[in-house]
Amino acid sequence: MKTSLATGWIALLLTGAALAEPAASPVGTLPMLQRMNAQFVPVSLTGDVRALADNERHALARIIEAAQIMDGLFLRQVSAANPTLLLELAKDMSPLGRARFEAFIIHKGPWSRLEHNTPFIPGVGAEPVAGDFYPAGSTKVEVERWFKSLPEPQRKVATGFYTTVRRTPEGGFIAVPYSIEYQGQLAAAARLLREAAALTSQPTLRKFLGLRADAFLSNDYYASDVAWMELDSSIEPTIGAYEVYEDEWFNAKAAFQGSISLRDAEESRKLEKFSGLLQDLESHLPIDAKLRNPKIGALAPISVVNLIYSSGDANRGVQTAAFNLPNDERITQAKGAKRVMLKNMQEAKFRHVLLPIAQVVLSPADRRNVAFDTFFTHILMHELVHGLGPHDIQVQGRATTVRQELQASSSAMEEAKADVAGLWAMQYLIDKGVIGKEAERTMYTTYLASMFRSIRFGLTEAHGLGVALQLNTFLDSGAVTVSREGLFAVVPAKFRESVTTLSRDLMVIQAAGDRAKAEALLARMGVIRPEVQRALDRLKRVPVDIRPGFPTAEQLVRESGSAAAPSTTPR
Ligand code: ZN
């Protein structure tokens with residue numbers, strides 16, 4: 001009996017596998033690739049370089065050329081087979097070949113970053129989960145055992161951001177600095193950054209470029225990371241090895257990227273104005289006066305920019321609209337991290353993803369009330385509001401932090417707080433006359449549409465979970481209604497009230513460090529209800545994201561190619 005049950009169970013599994021096969025097998029068919037590629041709308045991202053002096057434009061062209069090198073390095077880091085495969089794909093001019101090439105460029109390899117890294121080109125095998133950071137054929141267990149066998153200083157290097165692990169001729173392991181592993185490309189990039197440093201007349205930019213060029217050769221990135229935090233220049237380059245997501249074994253190894261942008265003067269002014277009002281906002285938070293902070297700390301730097309070129313890890317699959325760097329804890333503990341917000345990227349996503357979402361999920365009357373201006377202001381407020389409210393708290397006389405007390409629930413709670421108290425702060429600044437009254441008409445509806453964008457990818461991540469909690473709260477309070485056709489609408493007066501109540505509820509739980517309450521709230525409200533699921537199902541045809549093109553950067557490099565560059569005085 002037992003045997004037959006087990007056999008039946010195995011048979012069922014096998015049948016399941018056999019049945020699942022056909023669904024997975026259209027790997028690489030033209031219609032499938034076309035569908036995949038259509039999920040990313042091509043959009044040109046540009047910047048206004050007319051305001052830049054000649055020497056700055058030439059410097060910028062050199063920086064973009066250095067960033068182009070990061071693209072090739074990243075491809076290698078994702079998979080050792082990538083460069084050869086790319087060359088092969090580039091030669092195939094058939095429609096299938098073109099579609100494969102396009103998909104490869106979007107996903108930076110032959111595995112779909114939207115579909116759990118499923119291969120879309122036949123014969124490439126499974127995605128290497130730890131990239132090319134560790135030797136081919138090695139296992140996580142082996143490498144980990146080696147890490148543990150090393151004395152502390154060597155272990156630090158071996159597990160550090162900027163080394164690969166390779167095999168010695170004797171079959172053991174050795175840590176190889178990036179400056180040696182990628183020597184040729186990094187030397188070329190360093191040369192370009194030095195040329196740019198010699199061209200620019202902006203001191204903080206010159207300092208960063210020179211130090212980053214040094215880092216590419218010395219493998220010591222610390223001084224250049226500090227210089228990046230202190231950038232105060234019209235050109236904002238983020239170039240080097242930063243994020244560790246490609247290393248799915250240990251999240252230890254940094255991937256190369258280039259994210260080259262121009263500072264947005266108007267938004268920077270707006271930000272400055274809001275930053276000056278942070279204490280005022282804190283002192284009026286809708287919580288008990290004794291929970292407010294009478295003297296909030298210094299604000300971590302925020303930079304609003306327009307992206308004109310991105311490469312490598314900064315340009316793959318779903319595009320980054322904002323990032324916090326560096327990841328080096330020696331710097332973040334002393335200075336915090338800098339937040340860089342890519343305004344034109346946000347705008348492209350707004351136009352090509354959020355507006356189509358609004359068309360599908362909102363009532364016809366509400367669709368008119370969706371505006372980029374309030375969308376972006378709310379993103380700024382979200383960032384600023386992270387710095388407000390309870391963080392360092394007392395629990396039964398013990399000094400602790402919200403993060404420590406709420407543990408796994410802390411991120412979703414904090415993201416929900418930043419969203420909803422961000423709306424509260426916007427309303428407060430409208431009432432005060434700091435933000436124009438017209439924002440009142442669009443802010444809640446725009447936010448409603450953007451909530452659908454956030455929960456579209458599921459609730460596994462803190463942001464999506466926090467948004468589900470908010471949407472359900474708004475539905476329960478009557479701030480958001482659903483028509484019989486399944487269209488969503490805002491009830492402005494109730495929305496405003498619901499925002500204040502939820503801001504208070506979340507911050508009270510945070511102030512108390514009440515993990516049980518946070519967990520219960522997220523379990524009850526951090527779910528996708530049937531009416532929301534039906535709306536999400538209707539969004540299948542709306543693009544997932546954009547794929548950026550960079551005409552400004554191309555033109556800059558064309559007009560100021562390395563060969564055409566003016567001779568620079570040696571420093
Ligand atoms: Zn946030």
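The coordinates are above.
Because the structure is predicted, anything quoted here is derived from the model rather than measured.

## Regarding the coordination of the zinc ion
- Protein-derived coordination of the zinc ion comes from His 382 (NE2), His 386 (NE2) and Glu 415 (OE), at a distance range of 2.1 to 2.2 Å.
- Each donor residue of the zinc ion belongs to the same chain, and together they define the spacing H-x3-H-x28-E. Highlighted residues: His 386 in the loop between α17 (372–385) and β11 (392–395) and Glu 415 in helix α19 (residues 410–431), separated in sequence by 29 residues. Grouping residues by exposure puts His 386 and Glu 415 together as buried.

## Brief notes about empty space enclosed by the protein
- Under the criterion given, the structure shown has two cavities of 30 Å³ or more.
- Within this model, the largest cavity holds a volume of roughly 40 Å³.
- Forming the boundary of the largest cavity are Phe 161, Tyr 162, Asp 225, Ala 241, Tyr 242, Ala 254, Pro 326, Asn 327 and Asp 328.
- If you add up the space inside the second largest cavity, you get close to 30 Å³.
- In terms of lining, the second largest cavity is formed by Val 78, His 107, Lys 108, Trp 111, Arg 113, Asn 117 and Glu 127.

## Comments concerning the pattern of salt bridges
- One pass over the full model with this rule turns up 34 salt bridges.
- A salt bridge links Glu 236 to Lys 338, with the shortest nitrogen-to-oxygen separation between them at 2.7 Å. Placement of the pair is Glu 236 in strand β6 (residues 235–241) and Lys 338 in strand β10 (residues 338–342), with a sequence separation of 102 residues. This pair shows no difference in class: Glu 236 is buried, exactly as Lys 338 is.
- Because the salt bridges share partners, they merge into one network encompassing Arg 76, Asp 132, Arg 166 and Glu 181.

What counts as what
Residues numbered from 1 in each chain as written. Predicted model: local features only at pLDDT ≥ 70, side-chain atom pairs only at ≥ 80, totals over all residues. Heavy atoms only, no water. Donors = N, O, S within 2.8 Å, 3.2 Å for Na, K, Ca; no water. Helix = DSSP H or I, 4+ residues; strand = E, 2+ residues; numbered from the N terminus. Buried < 20%, exposed > 50% of the residue type's maximum accessible area, 1.4 Å probe, protein only. 1 Å grid on protein atoms, 1.4 Å probe; cavity = no way out; pocket = protein on both sides within 12 Å on 5 of 7 lines; lining within 4 Å. Points joined across faces, edges and corners; volume = space filled by probe spheres on them. Salt bridge = Lys/Arg side-chain N within 4 Å of Asp/Glu carboxyl O.

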